[in-house]
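Close look at the chain arrangement
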Amino acid sequence: MGTPVRQLILDNVDTVLNTISIAGGYKTDVTTVARTLVSWGDIGAAQMPWVGFAPVGQSSVEYKPNHMLHVRLPITIVGHVSARSGAAKTQALAKLEDDIIAVINADTTRDGNAIRTNWQGTQTDEGNADSDDHRGGSGTLVMAFDVLYQRTVNST
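Residues numbered from 1 in each chain as written. Predicted model: local features only at pLDDT ≥ 70, side-chain atom pairs only at ≥ 80, totals over all residues. Heavy atoms only, no water.

1. Observations regarding the confidence of the model for the chain
Overall, the prediction assigns the chain a mean pLDDT of 92, with 92% of residues at 70 or greater. Confidence, expressed as mean pLDDT per element, reaches its minimum in the chain at helix α3 (residues 129–133) with 54 and its maximum at strand β2 (residues 50–55) with 98. (pLDDT = per-residue confidence, 0-100. Helix = DSSP H or I, 4+ residues; strand = E, 2+ residues; numbered from the N terminus.)

Okay, structure coming up:
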């Protein structure tokens, strides 16, 4: 039996997030990519910019003809940056968000395993002065993506 398409999609997200670097044409040098979501307080400034991701929430299913299913897989990507001021946080978060949007949208089919990937939106902690002062300062963004893929009722 082959690898489940859901796993292939998550493997692809991990692979592409790990390509975010200035040398690769992006605005950020991501230090760490993890398949987990953690608070900025759980990692050190030396690991930032840090990016984590995980499926969050319930997948939804639409039944199609010929025993096919369309599955919507919600994926959350969290990014933490080191920033000593509100202005530096805004700049670092904007660059990281731009890089994540670009790298995820470079191939919305997740290497041919998905029908499409949609960005649903971003939340940040900009305006939270408490995070500006913690351990040299940090900023956080939370991005929601929706990956639509197809499978049969029996196997992928």
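Having put the structure on the table, let's press on.
2. Considering the side chain of T76
Secondary-structure assignment places T76 in strand β4 (residues 68–82). If near-sequence neighbours (up to four positions away) are discounted, T76 is found in contact with L37, G52, F53, A54, V56, V142 and M143. (Contact = heavy atoms within 4.5 Å.)

3. What to know about helix α1 (residues 5–17)
Taking 1.5 Å as the rise per residue, α1 with 13 residues should run 18 Å; its terminal C-alpha atoms sit 18 Å apart, in good agreement. Of the positions making up α1, those classed as buried are V5, I9, L10, N12, V13, V16 and L17. Buried residues of α1 fall within an arc of 155° about the axis and therefore sit on the same side. Here the buried face of α1 lies against β1 (32–34), β2, β4, α2 (86–105) and β6 (138–152). (Expected span 1.5 Å × (residues − 1). Buried < 20%, exposed > 50% of the residue type's maximum accessible area, 1.4 Å probe, protein only. Arc of directions from axis to C-beta.)

4. Some thoughts on the packing of α1 against α2
Each pair of packed helices can be summarised by the angle the axes make with each other and by the distance between the axes. α2 packs onto α1 with a crossing angle of 130° between their chain directions and a minimal axis gap of 10 Å. Classified by the interaxial angle, the pair formed by α1 and α2 is oblique. The two elements α1 and α2 meet at a crossing, and its hand is right-handed. Residues V13, V16 and L17 of α1 lie in contact with α2, whose contacting residues are I100, V103 and I104. Grouping the constituent residues of the contact of α1 with α2 by class yields six nonpolar, no polar and no charged. (Axes fitted to C-alpha atoms, helices over the stretch in contact; angles between N-to-C directions. Parallel < 35°, antiparallel > 145°, perpendicular 65-115°, else oblique. Left-handed = near helix turned anticlockwise from the far one by under 90°. Nonpolar A, V, L, I, M, F, W, Y, C, P; charged D, E, K, R; others polar.)

5. Overview of the nonpolar core
Proteins that are soluble and globular tend to have nonpolar side chains buried together. L17, I75, I77, I100 and I104 are the most contacted members of the largest nonpolar core, which totals 30 residues. Of all elements in the fold, only α1, β2, β4, α2 and β6 reach the threshold of two or more residues within this core. By residue number, the principal contributor to this core is α2, which donates seven residues. Excluding its chain neighbours within four sequence positions, the residues that come into contact with I77 are L17, V51, G52, F53, I100, I104, L141, V142, M143 and F145. Counting five residues, the second largest nonpolar core, distinct from the first, contains A34, I43, M48 and V78. (Core = buried A, V, L, I, M, F, W, Y, C linked by side-chain atoms within 4.5 Å.)

6. Comments concerning the environment of T124
With respect to the secondary-structure elements, T124 resides in strand β5 (residues 116–124). When its relative accessible area of 36% is taken as the criterion, T124 is described as partly exposed. Considered as a pair, T124 and G86 are 38 residues apart in the sequence and their alpha carbons are 12 Å apart. Once residues within four sequence positions are removed from consideration, T124 is found in contact with L93, T140 and L141.

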